[in-house]
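Overview (structure and organization)
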Amino acid sequence: MMVSHTYEVTVIGGGPVGMFAAFYAGLHSADVALVESLADLGGQTGNLYPAKILYDIGGFPGISGADLINQLEQQATHFHPAIMTGQTVETIDRQDDGTFLLTTSQGSITTKTVIIATGGGAFTPRRLAVDYDPALDDQNVFYFVRDLADFENQNVAIAGGGDSAIDWALALAPRAKHVDLIHRRNQFRGLESSVEQLQQSPVQLHTPFLIESVDAAPNDKITVRLKEVRGDRNETLTVDKLLVNYGFMSENKQLRNWDVALDRGKIKVDSQMQTSREGIYAIGDAASYPGKLDLIASGFGEAPIAVNEALSFLYPDRRQALHSSQLYH
């Protein structure tokens, strides 16, 4: 296949961190491509948690996943990068002239440097460990929330005990008719401040309980039967909707085809976000280094490091901007 253009930087992964990396490279007037395997930009934040309120984004007391992605998309497209969605990068091969050939599910891309920002990779929700009628999915049983309005004035049960489950319970409490939160432990795994809010909220807690069965009930409702963990108590809830938040299983199997050194399924990088292959960098949840925190905020800090290193690799005599005040368009 004839390749007619060579990009200076190609970012693989169109989640928040990848989008910001593409924008930051644009600030340096780099010729950028942004490649995303899904049909839309946004990654997990935009596609799984669009209604979730995020509290660890600098400058925002709280912002929904959808609003954050909208802002990032406006920011990223300001410098008109080549955005390629619905394309999965299958291999990354070094060519004789030092550039990289990215073979994708849709064709090929030639680039001088690569920044990997694939997050946790492909993701699927951890499902209920009980058999139930699959016809209830997306009618009464949900694994993520796209719009809080879908739960307005309804009885909602939430299963889970981490940050996301607690955040959903707090977000739905003022909008739903009633919210029940089911967790298999007495202690929750969320942020201390969120747990304190939860304990002061009208959300009814059911701990330590596991879901034993889910069945259709009259009037388009469902019956959720609970069994106490290491106990004999049973409870029954009749609700309009059940939101299951047991987390997601991610798969970054394509990393093995990219010939980069891995550390427990993530890409091993140094303090410059450099991988084991010169000219290839990794940031965000895809990257691993001592003290790494899997936060969007961390990825936002890693993106400028990777971009500056990539451009310094290409143009060692060019001085990169060191302060925000030096970056302008």
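Quick note: structure is the one above.
A few points on the structure. Since this is a predicted model, take the numbers as computed values, not measurements. (Residues numbered from 1 in each chain as written. Predicted model: local features only at pLDDT ≥ 70, side-chain atom pairs only at ≥ 80, totals over all residues. Heavy atoms only, no water.)

1. Points about the environment of D215
Take D215: it is sitting in strand β14 (residues 209–217). Judged by its relative accessible area of 35%, D215 falls in the partly exposed class. Considering only alpha carbons, one finds D215 and D131, 84 residues apart in sequence, at a separation of 9.5 Å. Separated by 3.1 Å, the side chains of D215 and R225 make a polar contact. (Helix = DSSP H or I, 4+ residues; strand = E, 2+ residues; numbered from the N terminus. Buried < 20%, exposed > 50% of the residue type's maximum accessible area, 1.4 Å probe, protein only. Polar contact = N/O pair within 3.5 Å; in protein donor to acceptor, adjacent residues only side chain to side chain.)

2. Topic: the side chain of T113
Relative to the assigned elements, T113 resides in strand β8 (residues 108–116). A distance of 2.7 Å separates a polar atom in the side chain of T113 from the backbone oxygen of E8. With sequence-adjacent residues up to four places away left out, T113 is seen in contact with E8, V9, T10, F100, G279, A310, F313 and L314. (Contact = heavy atoms within 4.5 Å.)

3. As for the pairing of strand β7 (residues 100–104)
The side chains of a regular strand alternate, residue by residue, between the two faces of the sheet. Alternating residues of β7 divide into F100, L102 and T104, all buried, and L101 and T103, none buried. Alignment of strand β6 (residues 89–94) against β7, held across 5 bridges, turns out to be antiparallel. Each residue of the ladder has a partner; that of I92, found in β7, is L102. Counted along the chain from β6 to the antiparallel partner β7, the turn is 5 residues long, and its residue G98 has a positive phi close to 90 degrees. Taken together, the 4 bridges between β7 and β8 define a ladder with antiparallel strand orientation. Note that in β8 the partner of T103 across the bridge is S108. The antiparallel pairing of β7 with β8 creates a hairpin that spans 3 residues between the two strands, and G107 there sits at a positive phi of about 160 degrees. (Pairing = 2+ DSSP bridges.)

4. A short note on unusual backbone geometry
P208 follows T207 through a cis peptide bond whose omega is -15 degrees. Examined against the element boundaries, P208 turns out to sit in the loop between β13 (204–206) and β14. You will see that S29, though not glycine, has its phi angle at about 60 degrees, which is positive. Mapping S29 onto the fold places it in the loop between α1 (16–27) and β2 (32–36). Since its relative accessible area comes to 64%, S29 is described here as exposed. You will see that M273, though not glycine, has its phi angle at about 70 degrees, which is positive. Mapped onto the secondary structure, M273 falls in the loop between β20 (266–268) and β21 (280–282).

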